[in-house]
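Coordinates in review
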2 protein chains.
Amino acid sequence: SEYIAPCDCRRAFISGFDGSAGTAIVTEQHAAMWTDGRYFLQAAHQMDNNWTLMKMGLKDTPTQEDWLVSVLPEGSKVGVDPFIIPADQWKRMSKALRSAGHDLVPVKENLIDTIWTDCPQRPCKPLITLDPSYTGVSWRDKIVALRSKMAERKVLWFVVTALDEVAWLFNLRGSDVEYNPVFFAYAVIGMNTIRLFIDGDRMMDPAVREHLQLDSTLEPEFKIQVMPYGSILSELQAVGAGLSPKEKVWLSDKASYALTEAIPKAYRYLTPYTPICIAKAVKNASETEGMRRAHIKDAVALCELFNWLEKEVVPKGTVTEIIAADKAEEFRSQQKDFVELSFATISSTGPNGAIIHYKPVPETNRTLSVNEIYLLDSGAQYKDGTTDVTRTMHFGIPSAYEKECFTYVLKGHIAVSAAIFPNGTKGHLLDSFARSALWDCGLDYLHGTGHGVGSFLNVHEGPCGISYKTFADEPLEAGMIVSDEPGYYEDGSFGVRIENVVLVIPAETKYNFKNRGSLTFEPLTLVPIQTKMIDVNLLTQKECNWVNDYHQKCREVIGAELERQGRHEALRWLIQETEPLVRVQ
Amino acid sequence: SEYIAPCDCRRAFISGFDGSAGTAIVTEQHAAMWTDGRYFLQAAHQMDNNWTLMKMGLKDTPTQEDWLVSVLPEGSKVGVDPFIIPADQWKRMSKALRSAGHDLVPVKENLIDTIWTDCPQRPCKPLITLDPSYTGVSWRDKIVALRSKMAERKVLWFVVTALDEVAWLFNLRGSDVEYNPVFFAYAVIGMNTIRLFIDGDRMMDPAVREHLQLDSTLEPEFKIQVMPYGSILSELQAVGAGLSPKEKVWLSDKASYALTEAIPKAYRYLTPYTPICIAKAVKNASETEGMRRAHIKDAVALCELFNWLEKEVVPKGTVTEIIAADKAEEFRSQQKDFVELSFATISSTGPNGAIIHYKPVPETNRTLSVNEIYLLDSGAQYKDGTTDVTRTMHFGIPSAYEKECFTYVLKGHIAVSAAIFPNGTKGHLLDSFARSALWDCGLDYLHGTGHGVGSFLNVHEGPCGISYKTFADEPLEAGMIVSDEPGYYEDGSFGVRIENVVLVIPAETKYNFKNRGSLTFEPLTLVPIQTKMIDVNLLTQKECNWVNDYHQKCREVIGAELERQGRHEALRWLIQETEPLVRVQ
């Protein structure tokens, strides 16, 4: 999981480094921690000198395997918790160690847990049930569709291991993990059985019992057997032991080594993306409508925020990054069906804006001013949808260079958003469109252009995205939702990013080659893009029209909602911010 | 190899199908042949009903492994010639067969060869030596550079298996295979030894002996041991048997199973691209200058051809696709250092132009007319370089739709050719630029946009290219040479393709993000693009300027050469075809 619960922060416990990515390895003589470029400074700062920081991505940094081979005495055993290592990673590491005469062994009890005396409890928070007006499809129909995919591939069992896939399948949400509305659970779906592995008295909640029809007389194939979270391994081993030849069990290749090993190798059917992952990515009409509603509410909150910021920052200069982030959360929480934020707000001004994964803390907290660019990347979970939006603005007079960079980023944003492309196109083929204007001037940004977005689920989800990294992304199809977020970062001075969440929709084209059909994007995010930051002369007429059409839509849709909510000051701000651009020919 | 010698056309011998791609499998009961979409019609036509055509890429077509498993009796052995199956393919197939209880076994003698009584001899044609004025670097310096790459990777031996890599390394060329100026040979390079495995009396040629310094007293590490082509396996086995732990042998992972197996697994160092492949792709100043000269001569030949075609086709209507192709070869052969064509000329008019890999034969041969689009994709091997150019033209009045499609293709061609991108960018990230204008109207083409081009070597070479297929391409760097050839094909009516060979060069940009530097392309091909086919109103001013600048350069550079060669009619044609476009604002 991208976000984890406090009880799973074992690397932070042992090393002190609490960034979102890193692996610690402890031997009798050494302790080393691998992390990537985002976290070199933070990790060096947080770890003491017992630890060696391994800077991933640098040429001279050994891989974990190579380092182990270099420090271990002959014939060593390397222990790993088999529940937290993906099967594919186990395989790679095990092979490398074996070829050097060592062994990778699964430990029965996680060694950190045995010494972490004040380890917090695994969260077990109440569940939220979602009826089909939110999800569009009942969990029963999702099970039916899943079983038909299983029949197609001739597998008898499907093991649901990703938390968001369990939540999606049963139309349930939780809050066991911050920002991701998921809950700790596994599920094993057979052709005639459904087993849900989940702890706590949350299954005693009458609403949940009713939702899952636990007390109804149901056809046996829809009867859910609720089992303890910890019994997944033994239950799966029992399934594995009972298989006949040609009976297969479907697992994600990212499932843990422990669960994968429970099924004998000959019976495993592993795929990079599960049928749930793919079905979940294509939003149905109810989910799309929910996402639209969520984005309208989110835009209302941001119009309030930006209006408030202009009134506070310009004359008073008392707003810090943290205050702005808190204010954004406050405005969002006033909206209907607000649940929580969808990730830690990136509220950054001036040089902090150039730190791509910045999160304001007291030591770095800067005050917003009329002299610096302000970048806000934030989003929320509403019961009807998940948002993620970035706007970059100046409260004074931006420099020509700042406007120039902003305009290139905007051109890239528009190039993706307005792109028309054939059905079957993978997202990575669109990534260069976002960079072309920057490249022309020798500029670039070192992150992908977009990620899949869940529907009241994880703000980052597979299997699609827009990135120069060619991973095994699935082709884009109508109903998928991704972000479009090119940027530019000038180290030590400022950051620019313009992010909308966009929906993949069919495009009307003049011709239709081989009847393939075409796709394009519709922005779900409807928040003004600061025209003060745009150098209009760098836009083509087409780009200029795109901005004006987009602002016209913001004015109509968000204006109506601001009006309805009686937020007149924010409405005045919206009207002012959506004045059409005029390009001098 | 993409092109093979007649003695290696075993699949054509056994099945009758002589396309450039296909695999035949014969069992006691069945015979099946797998090929791709380009060849479904041809294969069906050429094979008799003993054969089952397996249409690759269609959903219901089994893989070779699946088909074998479905037809073989239990515990079968599947034989394959280990010298013609790449090691990676062997591994995949062997694994699949083994898991179904069968065995993949290497056969000692190719079974086709035992029944192919009139099999032609393996060619053994004389060699051409290239001095450093062509190659820029002596073979000795190439060996030194290779050994330094070997030392970096801590390998003691390097096995050269690709024919173009052997030719490049020794600055030799041959004509054992049509279109590819290579010769049958292997080489094994040690830190102190050089073994060249090659047959025939071509090593008796004094020029070759002098070039390779076979009779000079040399430092032992540059002394070439010439050995029979057929002794490679036993020599490599001897190398393999003499290795101590940690001594490695470097092979391409595309080397044959036979040669790969000669080295015990623990001693193999396999990479997708060899250091020779990568060094060969980056052309030095002498090679670049040679390529420029070759493209100037090639343009002269095409100006002559197109001028001749206009004078023959328009009033007389007696020119067929084959006559045009022959005439193109005739004009090319008049140029200095012409060796042969670089591939079979695609000379196609009207509906034949929509067949992407068309080659005119008497049964399909159409007559060029004033009513149809003509597409010519052709190229040659000159001693100083390899060319590959496509031009699409109309000898009468093109329809508005034909012009529209041509203009979209041209916009795509320009988008790639004029693209500026950071150092380190892989070619596949540029592919969508070539399609964007077509996509906007719902059109596309089903092939990649560009391939690497050798320097008096194979017209298709790795490790770079421009394609939507994300293969393991190496980043583009200054000195690499690729083709830029988007197209559009209207089945049954016409084909459009505009292809230049372009050189990767450093680009000057306003800024220089992280000091990475930028790259762009310089067209080496300088042949007019027919302005009659362009709908100027669909071009931006920038695109219009690109065409005019390109034509200005054609006029200057090719004009001077036509003048020098006294080809005045062709010069008049060039002047007329390079009149600037005027865009109505």
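Residues numbered from 1 in each chain as written. Chains lettered and ligands numbered in written order. Predicted model: local features only at pLDDT ≥ 70, side-chain atom pairs only at ≥ 80, totals over all residues. Heavy atoms only, no water.

Some details on the sheet that holds strand S3 (residues 52–55) of chain B
Residues and elements named next belong to chain B. One open sheet accounts for 3 strands, arranged S1-S2-S3; its pairing is mixed. Across the chains shown, the open sheet's two edge strands, defined by having one partner strand only, are strand S1 (23–26) and S3. Strand-to-strand twist across the sheet, computed as the mean angle between neighbouring axes with direction ignored, equals 20°. For strand S2 (residues 31–35) and S3, the ladder comprises 4 bridges, and the chain directions are parallel. Paired with methionine 33 across the two strands is leucine 53, which belongs to S3. Sheet contacts for helix H3 (residues 64–71): S1, S2 and S3; angle to S1, the most-contacted strand, approximately 10°. (Pairing = 2+ DSSP bridges. Helix = DSSP H or I, 4+ residues; strand = E, 2+ residues; numbered from the N terminus. Axes fitted to C-alpha atoms, helices over the stretch in contact; angles between N-to-C directions. Contact = heavy atoms within 4.5 Å.)

Topic: the interface of chain B and chain A
Many authors give the size of an interface as the accessible area that is lost as the parts come together. At the interface, 34 residues of chain B touch 34 residues of chain A. Taken together, the two surfaces of chain B and chain A that pack against each other cover about 2,900 Å², and 61% of this comes from carbon and sulfur. Among the residues chain B hides against chain A, the three largest losses belong to Trp439(B), Tyr511(B) and Phe513(B). Together they make up 24% of the total. Applying the counting criterion to the chain B and chain A interface returns 6 salt bridges. Of the charged contacts in the structure, one is a salt bridge between Asp444(B) and Arg516(A), with a shortest N-O distance of 2.5 Å. For the pair chain B and chain A, the number of links is 14 residue pairs in polar contact (both at pLDDT 80 or more). (Buried area = accessible area lost by both parts, 1.4 Å probe. Salt bridge = Lys/Arg side-chain N within 4 Å of Asp/Glu carboxyl O. Polar contact = N/O pair within 3.5 Å; in protein donor to acceptor, adjacent residues only side chain to side chain.)

Here's the deal with the UniProt feature "domain: Creatinase N-terminal" (unreviewed entry) in chain A
Residues given the UniProt feature "domain: Creatinase N-terminal" (unreviewed entry) here are residues 11–111 of chain A. Across residues 11–111 of chain A, the secondary structure splits into 34% helix and 21% strand, with the terminal C-alpha atoms separated by 11 Å. (UniProt positions renumbered as here; feature names shortened; annotations may be inferred.)

Some thoughts on helix H4 (residues 87–99) of chain B
Residues and elements named next belong to chain B. Relative to the 18 Å expected for 13 residues at 1.5 Å per residue, H4 spans 18 Å between its end C-alpha atoms, a close match to the ideal helical length. Where H4 is concerned, the buried positions are Ala87, Trp90, Met93, Ser94 and Leu97. Down the axis of H4, the buried set is contained in an arc of 130°. They therefore lie on one face. Looking at H4, the residues exposed on the side facing more than 90 degrees away from the buried face are Lys91, Arg92, Lys95 and Ser99. Note on H4: the residue one or two positions beyond its end, glycine 101, has a positive phi of about 85°. (Expected span 1.5 Å × (residues − 1). Buried < 20%, exposed > 50% of the residue type's maximum accessible area, 1.4 Å probe, protein only. Arc of directions from axis to C-beta.)

Concerning the sheet that holds strand S3 (residues 52–55) of chain A
Residue and element names in this part refer to chain A. Ordered by their spatial adjacency, 3 strands build an open sheet running S1-S2-S3, and the pairing between neighbours is mixed. Looking at which strands have only one partner, the edges of the open sheet turn out to be strand S1 (23–26) and S3. Each neighbouring strand pair of the sheet contributes to a mean axis angle of 20°, computed without reference to strand direction. As judged from the 4 bridges shared by S1 and strand S2 (residues 31–35), these two strands associate in the antiparallel manner. If you follow threonine 23 over to S2, its bridge partner there is tryptophan 34. Packed on one face of the sheet, helix H3 (residues 64–71) meets S1, S2 and S3 and runs near 10° to S1.

Describing the relation of the copies chain B and chain A
One chain copy maps onto the other through a rotation about an axis and a shift parallel to that axis. The two copies are related by a screw motion: chain B maps onto chain A through a turn of 180° and a shift of 0.1 Å along the axis, at an RMSD of 0.1 Å. Expressed as an axis order, the relation between the two copies is that of a two-fold axis. Here 100% of the interface residues in chain B have copies in chain A that are interface residues too; the copies meet face to matching face. (Least-squares fit on C-alpha atoms with pLDDT ≥ 70 in both.)

What about the pattern of salt bridges?
By the definition in use, this model includes 70 salt bridges over all chains. Salt-bridge contacts for Asp8(B) lead to Arg122(B); the nearest nitrogen and oxygen are separated by 2.8 Å. Separated by 114 residues along the polypeptide, Asp8(B) in the segment before helix H1 (10–15) and Arg122(B) in the loop between helix H5 (111–115) and strand S6 (128–129) bring together distant segments of the chain. Among the ionic pairs, Arg268(B) bridges to Glu261(B), the shortest N-O distance being 3.0 Å. Residues joined in a network through salt bridges with shared partners are Asp8(A), Arg10(A), Asp113(A) and Arg122(A).

Things to note about the side chain of Thr578(B)
Residue and element names in this part refer to chain B. Topologically, threonine 578 is positioned in the segment after helix H18 (568–577). You can call threonine 578 buried: its relative accessible area is 3%. Within the structure, the side chain of threonine 578 is placed 2.7 Å from the backbone oxygen of leucine 574, a separation counted as a polar contact. Only 3.2 Å separates the side chain of threonine 578 from the backbone oxygen of isoleucine 575, close enough to count as a polar contact. Not counting residues up to four positions away in its chain, the partners in contact with threonine 578 are Pro528, His551, Cys554 and Arg555.

What to know about the packing of aromatic side chains
By the definition in use, this model includes 41 aromatic pairs over all chains. Relative to Trp250(A), the ring of Phe158(A) has its centre 5.7 Å away and its plane inclined at 80°; by these criteria the two rings are edge-to-face. Of the two residues, Phe158(A) is situated in strand S7 (residues 157–160) and Trp250(A) in strand S12 (residues 249–252); the sequence distance between them amounts to 92 residues. Neither residue differs from the other here; Phe158(A) and Trp250(A) are each classed as buried. Aromatic pair Phe338(B) and Tyr382(B): ring centres 5.9 Å apart, planes at 75°, arrangement edge-to-face. With Phe338(B) in strand S14 (residues 338–341) and Tyr382(B) in strand S17 (residues 380–382), the pair connects residues that are 44 residues apart, well separated along the chain. (Phe/Tyr/Trp six-rings, centres within 6.5 Å; stacked < 30°, edge-to-face > 60°.)

A closer look at helix H14 (residues 321–333) of chain B
For an α-helix, 3.6 residues make a turn, and residues three or four places apart therefore share a direction. The terminal C-alpha atoms of H14(B) lie 18 Å apart, and with 13 residues this matches the ideal 18 Å at 1.5 Å per residue to within 8%. Where the residues of H14(B) are buried, they touch helix H13 (285–316), S14, strand S15 (346–349), strand S16 (373–378), S17 and strand S19 (389–394) of chain B.

Concerning the pairing of strand S5 (residues 103–106) of chain A
All names here are of chain A. Looking at chain direction, strand S4 (residues 77–80) and S5 are connected through 4 bridges and run parallel. Looking across to S5, one finds that glycine 79 is bridged to valine 105. The parallel pair S4 and S5, bridged by helix H4 (residues 87–99), forms a crossover whose chirality is right-handed. (Right-handed = clockwise from strand over helix to strand, strands pointing away.)

Details of the confidence of the model for chain A
When the pLDDT values of chain A are averaged, the result is 96; 99% of them are 70 or greater. With a pTM of 0.95, the predicted complex shows an ipTM of 0.94. (pLDDT = per-residue confidence, 0-100.)

Observations concerning the UniProt feature "domain: Peptidase M24 C-terminal" (unreviewed entry) in chain A
According to UniProt, the "domain: Peptidase M24 C-terminal" (unreviewed entry) feature falls on residues 519–581 of chain A. End-to-end, the C-alpha atoms of residues 519–581 of chain A are 27 Å apart, and along that stretch the chain is 54% helix and 8% strand.

Overview of unusual backbone geometry
The omega torsion across Gly462(A) and Pro463(A) is 0°, close enough to zero to call that bond cis. The backbone of Asn171(A) shows a phi angle near 55°, a positive value even though the residue is not glycine. Summarising the element assignment, Asn171(A) is placed in the loop between helix H8 (163–170) and strand S8 (172–173). The backbone phi angle of Phe456(B) is positive, close to 45°, even though this residue is not glycine. Residue position: Phe456(B) is located in the loop between strand S21 (450–452) and strand S22 (461–466). By relative accessible area, Phe456(B) is classed as buried at 1%.

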